[in-house]
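Letter by letter, the chains look like this.
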Amino acid sequence: MSAAAPRLEIVALEGVPDIAAGDDLCQVVLDAYAASGLAPAAGDILVIAQKIVSKAEGRRVDLDDVSPSPRAERLARETDKDARVIELILAESERVMRVRPGLIVVRHRLGYVLANAGIDASNVEDGGDRRVLLLPEDPDGSAAAIRAEIGRRSGVAPGVIVADSLGRAWRLGTAATALGAAGVTALADLRGRPDMFGRPLTVSEVGLADQIAAAAALAMGEADERRPIALLRGLAAASDAARAADLIRPRELDLFC
């Protein structure tokens, strides 16, 4: 991982409209740069809220169109949740990890361990609690496509992180996490580098994309702020090969799941 500059700048971009299925997110980003009095520059990292990516990709589901299975009905009784939501959770997951009233934790088909398979009704318009959003089909692919198209249109390909706020097993409170990444280091391997006293680091790996997502969330907000895109400047973290999937702990090394 390259050393950070002495100063990092994080700006929530202005002028982002409500997003609907099929909207051109690349143009939304470029318009937001302009509305903020900025232009794409080398080294930019964009953090984009998962919700607007999911909306643009048509990942919204009307619960009236969902028929719960017997398993979903049973889990709904155990969790006090809508059986239709449980059915969607099961469809998006490969394993149910934990269940209690008010909570179901699963291993998502993409490898994340999280509550409700990331399915959420907050900030979903046109239907209220009847409509929910699923995570993008391929968040790394979404980030890569956005990066490439911004690069094609502007001449500058920024790093892109698709971020969502997730709970953590050991701590209360959610923190923004990188679900997808392109053009920016996701997992920084510091093993072999010396510490302050010259001793080589042996186990140090840094979830850099998660740190960037969490920092950007301070500017983006978590509720009704309407700031779903943030720009980070001053961090030398470019990488053409990294993916957020690199952050997922291999199952054979996972002591908890």
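These remarks concern the structure in this document. Small disclaimer: the values here were computed from a predicted structure and weren't measured.

### Considering the sheet that holds strand 1 (residues 9-12)
Thought 1: Taken together, five strands build an open sheet; the order of strands is 1-12-2-8-9 and the sheet is mixed. The open sheet terminates on both sides in strands that have one partner only, identified here as strand 1 and strand 9 (171-182). Between one strand axis and the next, the sheet turns through 25 degrees on average, direction left out of account.
Thought 2: Of the strand pairs in this sheet, strand 1 and strand 12 (residues 229-233) are connected by four bridges, and their pairing is antiparallel. Bridge pairing in strand 12 links E9 to R233.
Thought 3: Across the sheet, helix 5 (residues 139-154) touches strand 2 (45-49), strand 8 (159-168) and strand 9, and the angle it forms with strand 9 is around 55 degrees.
Thought 4: Along the sheet, helix 6 (residues 208-220) makes contact with strand 1, strand 2, strand 8, strand 9 and strand 12, crossing strand 9 at roughly 110 degrees.

### Here we look at the pattern of salt bridges
Thought 1: By the definition in use, this model includes 18 salt bridges.
Thought 2: Here D62 and R130 are joined by a salt bridge, their closest N and O atoms 3.3 Å apart. Here D62 is found in strand 3 (residues 60-62), whereas its partner R130 is found in the loop between strand 6 (113-115) and strand 7 (131-133), with 68 residues between them in sequence.
Thought 3: Across the salt bridge formed by R243 and D246, the nearest N and O atoms sit 3.1 Å from each other.
Thought 4: Take R243: its relative accessible area is 42%, and that puts it in the partly exposed class.
Thought 5: For D246, a relative accessible area of 31% puts it in the partly exposed group.
Thought 6: The network of salt bridges with shared partners includes D62, D64, D82, R84, R130 and R131.

The rules behind these values
Residues numbered from 1 in each chain as written. Predicted model: local features only at pLDDT ≥ 70, side-chain atom pairs only at ≥ 80, totals over all residues. Heavy atoms only, no water. Pairing = 2+ DSSP bridges. Helix = DSSP H or I, 4+ residues; strand = E, 2+ residues; numbered from the N terminus. Axes fitted to C-alpha atoms, helices over the stretch in contact; angles between N-to-C directions. Contact = heavy atoms within 4.5 Å. Salt bridge = Lys/Arg side-chain N within 4 Å of Asp/Glu carboxyl O. Buried < 20%, exposed > 50% of the residue type's maximum accessible area, 1.4 Å probe, protein only.

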